[in-house]
Amino acid sequence: MLLTISTTYQPATDLGYLLHKHPDRCHSFSLSFGQAHVFYPEANTQRCTAALLLEVDPVKLVRGRGIKIEQYVSDRPYVASSFLSVAIAQVFSTALSGRCQDRPELAQTPIPLVARVSVIPCRGGEEFLRQLFEPLGYSVRAQGHLLDENFPDWGHSQYYTVELHHTLRLSDLLSHLYVLIPVLDDDKHYWVGDEEVEKLLRRGEGWLNKHPAREQITKRYLKRQSRLTRVALAQLTEEDNLDPDRAQEKHAQEEAAVEKPLSLNQHRLNAVVVALKHRAAKRVIDLGCGQGNLLKILLKDSFFEQITGVDVSYHSLEIAKERLDRLRLPRNQWDRLQLIQGALTYQDKRFNGYDAATVIEVIEHLDLPRLEAFERVLFEFARPKNAIVTTPNIEYNVKFENLPAGKLRHKDHRFEWTRQEFQTWAIRVAQRFGYSVEFQSIGEEDPEVGYPTQMGMFYQLAI
Ligand code: SAH
């Protein structure tokens, strides 16, 4: 099964940066159902083509499931199907999410792209293939294949070689393929459960709700399970129906967009890591870890010996796990990590015994009347040696060009504090529970309104 992606954007070899795969090498990955290889049949400044070759192992597919002969004799190893989607998500995960460290602007820029899938089953024929891709702006070239070239009278098969041409962001192309290839194939290989709805909505964000064939796409993607289809369609058509977890995720993205010009998130995480090391904190619990931004850095750094992430949102923890899985760390490195679902406003023994607790951009998500409960959970019961708390400085909001006046940075923020308000709170808490506290500013400082993020570093005093 072969997918190639070509560009004539110049320099075309920048495709290697976007895909995070160097054009000079062949990259191989083991997947649960076989092997994936990425290589570049051509790579020069005018034109670059990346190939994803997937070898599906038919024996692995049926192992342990009671074997029938038709499971061995099937088209699965040779045609594009949901296996290709899984491979795209694993092998090109960064490109799929639209991130690119070396060429961040390019990842957000539409470039001329051609995707070619060597063989794809189009249940519904060429017409359905066009109904799926043409509304998204692709020009579609499809070549049908005969059932058997030796017997042309037998007519056409359902198999096509397909070329899709469009000028768009690479992440959009990959998202379209991720969702629409299994839809064309209509033969999903794994159990369809609630997380499939999540995946469909995540990858379909920004285009599926406007697609004229969205009902058919949703039905087929979810293997015609009517309950799941209803859930997905309801969420696609009405944003207000988003469950709280998804709303949280969406709002976090909006917050990141407001703060992005400063790459504030990076400054913040760096400052936290520096403070942790300064305090020699090797066992760290990240309270309200969200999708694992800090955990990822800690996990990659062998200085940190025990790392625990806590969040109330199961969905965020799942995303964190998925993102950390992609680090592909050796097993012994994994043993340092633990993810637990928990609320920061309830006393919890699992929070005890750490060198440091980090609470990064979390307190402003708590209802003010619940803040005191959190103070006691952290400083009276868990009692880490150190605690690092960051929160926005509301005075700085006037400096964000894309944030309307008077608005907070995130829809779920219950409050944002001035420098004075944060420091008053932190000093009171430190005095009450026997800690000292120091403050640090994060981000570029403005003479009038200060810095974008404020950080308090608490240190437990000897009794
Ligand atoms: N620290 C992360 C996430 C910040 S967003 C980062 O910097 O990227 C705030 C996080 O706090 C969300 O993931 C939210 O689910 C979590 N949260 C909010 N209230 C919580 C509570 N009462 N208990 C545990 N987690 C909570």
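See the structure printed just above.
Residues numbered from 1 in each chain as written. Predicted model: local features only at pLDDT ≥ 70, side-chain atom pairs only at ≥ 80, totals over all residues. Heavy atoms only, no water.

**Student:** An account of the layout of surface pockets is needed here, citing residue identities and associated values.
**Tutor:** Computed from the structure, the second largest pocket encloses a volume of approximately 740 Å³. In terms of residue count, the dominant contributor to the lining of the second largest pocket is helix H15 (residues 314-325) (eight residues). Of the residues assigned to the lining of the second largest pocket, the class counts are nine nonpolar, four polar and eleven charged. Two domains each donate at least three residues to the lining of the second largest pocket, and these are domain 1 (2-190) and domain 2 (257-460). (1 Å grid on protein atoms, 1.4 Å probe; cavity = no way out; pocket = protein on both sides within 12 Å on 5 of 7 lines; lining within 4 Å. Points joined across faces, edges and corners; volume = space filled by probe spheres on them. Helix = DSSP H or I, 4+ residues; strand = E, 2+ residues; numbered from the N terminus. Nonpolar A, V, L, I, M, F, W, Y, C, P; charged D, E, K, R; others polar. Domains from an automatic or database assignment.)

**Student:** Explain the pattern of salt bridges to me, and be specific about the residues and the numbers.
**Tutor:** Summed over the entire model, instances satisfying the criterion amount to 23 salt bridges. A salt bridge links Arg 103 to Asp 14, with the nearest nitrogen and oxygen atoms 3.2 Å apart. Of this pair, Arg 103 sits in the loop between helix H5 (93-96) and helix H6 (104-107) while Asp 14 sits in the loop between strand S1 (2-7) and helix H1 (15-19), and the two are 89 residues apart along the sequence. Since its relative accessible area comes to 24%, Arg 103 is described here as partly exposed. Asp 367 is the partner of Arg 414 in a salt bridge, and the nearest nitrogen-oxygen pair spans 2.7 Å. (Salt bridge = Lys/Arg side-chain N within 4 Å of Asp/Glu carboxyl O. Buried < 20%, exposed > 50% of the residue type's maximum accessible area, 1.4 Å probe, protein only.)

**Student:** I'd like a description of the nonpolar core, backed by residues and values.
**Tutor:** Nonpolar side chains tend to gather and get buried jointly when the protein is soluble and globular. Of all hydrophobic cores here, the largest spans 67 residues; its most connected members are Leu 3, Leu 52, Leu 54, Phe 133, Leu 170, Leu 173 and Leu 177. Examining the composition of this core, we find that ten residues originate from one element, helix H8 (residues 170-185), more than from any other. Apart from the residues within four sequence positions on either side, Leu 52 is in contact with Met 1, Leu 2, Leu 3, Ala 36, His 37, Val 38, Leu 84, Ala 87, Ile 88, Val 91 and Phe 92. Ala 357, Val 389, Ala 430 and Phe 458 belong to the second-largest nonpolar core, a separate cluster that totals 31 residues. (Core = buried A, V, L, I, M, F, W, Y, C linked by side-chain atoms within 4.5 Å. Contact = heavy atoms within 4.5 Å.)

**Student:** If you had to explain helix H10 (residues 214-221) to someone new, which residues and values would you point to?
**Tutor:** Those residues of H10 that fall on the buried side of the exposure criterion are Ile 217, Thr 218, Arg 220 and Tyr 221. Lys 223 occupies a position one or two residues after H10 and carries a positive phi of about 55°.

**Student:** An account of the site of the ligand is needed here, citing residue identities and associated values.
**Tutor:** Taken together, 16 residues lie near the ligand, and Gly 288, Asn 293, Asp 311, Leu 344 and Ile 360 sit nearest. The separation between a nitrogen atom of the ligand and a polar main-chain atom of Ile 360 is 2.8 Å. When the ligand is considered free in solution it has 570 Å² of accessible area, and contact with the protein chains removes 88% of it. A per-class count over the shell around the ligand returns seven nonpolar, seven polar and two charged. (Near = heavy atom within 4 Å. Polar contact = N/O pair within 3.5 Å; in protein donor to acceptor, adjacent residues only side chain to side chain. Areas by Shrake-Rupley, 256 points an atom, 1.4 Å probe, with all protein chains shown as cover.)

**Student:** How would you summarise the sheet that holds strand S14 (residues 453-460) if you had to cite specific residues and measurements?
**Tutor:** Note on sheets: strands pair through backbone hydrogen bonds, and any given pair is parallel or antiparallel. Pairing is mixed in the open sheet, where seven strands are placed in the order S10-S9-S8-S11-S12-S14-S13. Because the sheet does not close on itself, it has two edges, and the strands there are strand S10 (337-341) and strand S13 (435-442). When the angles between neighbouring strand axes are averaged without regard to direction, this sheet yields 15°. Strands in contact with helix H14 (residues 293-300) are strand S8 (283-287), strand S9 (306-311), S10 and strand S11 (356-360); relative to S9, the strand with the most contacts, it is inclined by about 170°. (Pairing = 2+ DSSP bridges. Axes fitted to C-alpha atoms, helices over the stretch in contact; angles between N-to-C directions.)

**Student:** Let's hear about the pairing of strand S4 (residues 48-56): which residues, and what values?
**Tutor:** With seven of nine residues buried, S4 is to be regarded as a mostly interior element. Summarising the sheet, S1 and S4 pair through six bridges and their orientation is antiparallel. Paired with Thr 4 across the strands is Ala 51, a residue of S4. Between the end of strand S3 (residues 34-43) and the start of S4, which pair antiparallel, lie four residues.

Coordinates in, geometry out; function isn't part of it.
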